[in-house]
Amino acid sequence: MADVARLAGVSHQTVSRVLNGHPNVRAETQTRVRNAIEELGYHRNLSARALVTRKTRILGVVAFDTTLYGPASTLLGIEQAAREAGYFVSIVSLRTITRQTVSEALNHLAEQSVDGVIVIAPQRSAVEALADLPAQRPLVAVEGGRANGTPVVCVDQVGGAYAATRHLLDCGYHTVHHVAGPLDWLEAEGRVTGWRQALTEADCPIPEPYYGDWSPRSGFEIGLRLAADSSHGVSAVFVANDQMALGVLRALAESGLRVPEDVSVVGFDDVPEAEFFTPPLTTVRQDFTEVGERAIQMLLDLLAGNETSRRDGGAAREVVPARLVQRMSTVSHP
């Protein structure tokens, strides 16, 4: 900074003001300082800054299975929101979630002196792992269900599944079959709940759900079973994610069933490819950008010491709405 000040012909305090965006610096002076910074290739020493401010401007993120669309999109939303707030992100991606792996990830981030941590916790095992870990840094869980004592930001999985099922019922079908995600996933659990709630309120039969693993292959295998059962009234299917829905669509086509003429299908996620499926898929859209923004804001509120609890004294919980996107894979049934 002293070299920049010398080249620009100003004090190092003026250089600091320019770097921090202080308004009381003349435009001409700002130009000289920025030209000097560019000429010298100057970069701030973040480690030295952290020693003075006791803040690194780095947030830690613990993620799991970012090969899946939901967790990957959630991570991207968090990273973008953090950058817009002036923070860098340090990511630890876990292959398995246990109390030990989550503890090791949090310790690793603590060693980097991150200011706070966001844990993408889509599985019940992740929530359980967080429950009895000592608080090392301010922490927010994303898709963490009702994690005890931990502030949570999540998508309204129940409401999204309810809307998908209600849409099919409104098309005239007497019931809706469900292809669910893995039992340990909180999103899968919420989508089963919303599906069941819509059928219960409409006093419709509730078939046993089929459980997949989020993959197109599992959707395909279940789709073949659904096609075999079509003679027993399988005419409307709500699938817990678009990737499994893709497999279901192929299985139905290979079995000689038309979508939506013979079977209507609704997915969940609204992946970018969903509108290019054959036919274009009716699905439920999750707003991962808003999830990231809310999670970062909640964490920054914790860092600032602002109130983040509910009126009943429990940990804060923010729910982002999910929205049904109607396309050509559903049709009114006579």
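Structure first, text after, so check above.
Values in this document were obtained by computation on a predicted structure and should not be read as measured data.

(A) Main features of unusual backbone geometry. Between Val259 and Pro260 the backbone carries a cis peptide bond, its omega angle lying at 10°. In this structure, Pro260 sits in the loop between helix H11 (242–254) and strand S9 (264–266). Of the consecutive residues Thr278 and Pro279, the connecting peptide bond is found in the cis state with omega at -5°. Tracing the sequence through the fold places Pro279 in the loop between S9 and strand S10 (283–285). Positive phi values are uncommon outside glycine, yet Trp214 reaches one of about 80°. Residue placement: Trp214 occurs in the loop between strand S7 (210–211) and helix H10 (216–228).

(B) Representation of the pattern of salt bridges. All chains considered together, the criterion is met by ten salt bridges. Between Arg124 and Glu189 there is a salt bridge whose closest N-O contact spans 2.5 Å. Separated by 65 residues along the polypeptide, Arg124 in helix H7 (residues 124–131) and Glu189 in helix H9 (residues 186–201) bring together distant segments of the chain. Looking at Arg124, the relative accessible area reads 33%, which means it is partly exposed.

(C) Inspection of the environment of Pro280 at higher detail. With respect to the element layout, Pro280 can be found in the loop between S9 and S10. Between the alpha carbons of Pro280 and Val325 there is a distance of 11 Å; along the sequence they are 45 residues apart. In this view, Pro280 contacts Ala274, Glu275, Arg327, Met328 and Ser329; residues no more than four positions away in its chain are not counted.

(D) Structural context of the sheet that holds strand S1 (residues 58–64). Strand order in the open sheet made by the six strands is S2-S1-S3-S4-S5-S11, with parallel pairing throughout. Edge positions in the sheet fall to strand S2 (88–94) and strand S11 (317–320), since each of these pairs with one other strand and no more. Between one strand axis and the next, the sheet turns through 20° on average, direction left out of account. As judged from the two bridges shared by strand S4 (residues 139–142) and strand S5 (residues 152–155), these two strands associate in the parallel manner. The residue of S5 that forms the bridge with Ala141 is Val152. Contacts between helix H5 (residues 69–84) and the sheet are confined to S1, S2, strand S3 (116–120) and S4, with S3 contributing the most and set at about 160° to the helix.

(E) Examining the packing of helix H2 (residues 12–19) against helix H3 (residues 27–40) more closely. For the pair H2 and H3, the least separation of the axes is 10 Å and the interaxial angle reads 90°. The angle between the axes of H2 and H3 places the two elements in the roughly perpendicular class. Between H2, through Thr14, Val15, Val18 and Leu19, and H3, the contact on the second element is made entirely by Thr29, Gln30, Val33, Arg34 and Ile37. Across the contact of H2 with H3, the residue classes tally to five nonpolar, three polar and one charged.

Rules used in this analysis
Residues numbered from 1 in each chain as written. Predicted model: local features only at pLDDT ≥ 70, side-chain atom pairs only at ≥ 80, totals over all residues. Heavy atoms only, no water. Helix = DSSP H or I, 4+ residues; strand = E, 2+ residues; numbered from the N terminus. Salt bridge = Lys/Arg side-chain N within 4 Å of Asp/Glu carboxyl O. Buried < 20%, exposed > 50% of the residue type's maximum accessible area, 1.4 Å probe, protein only. Contact = heavy atoms within 4.5 Å. Pairing = 2+ DSSP bridges. Axes fitted to C-alpha atoms, helices over the stretch in contact; angles between N-to-C directions. Parallel < 35°, antiparallel > 145°, perpendicular 65-115°, else oblique. Nonpolar A, V, L, I, M, F, W, Y, C, P; charged D, E, K, R; others polar.

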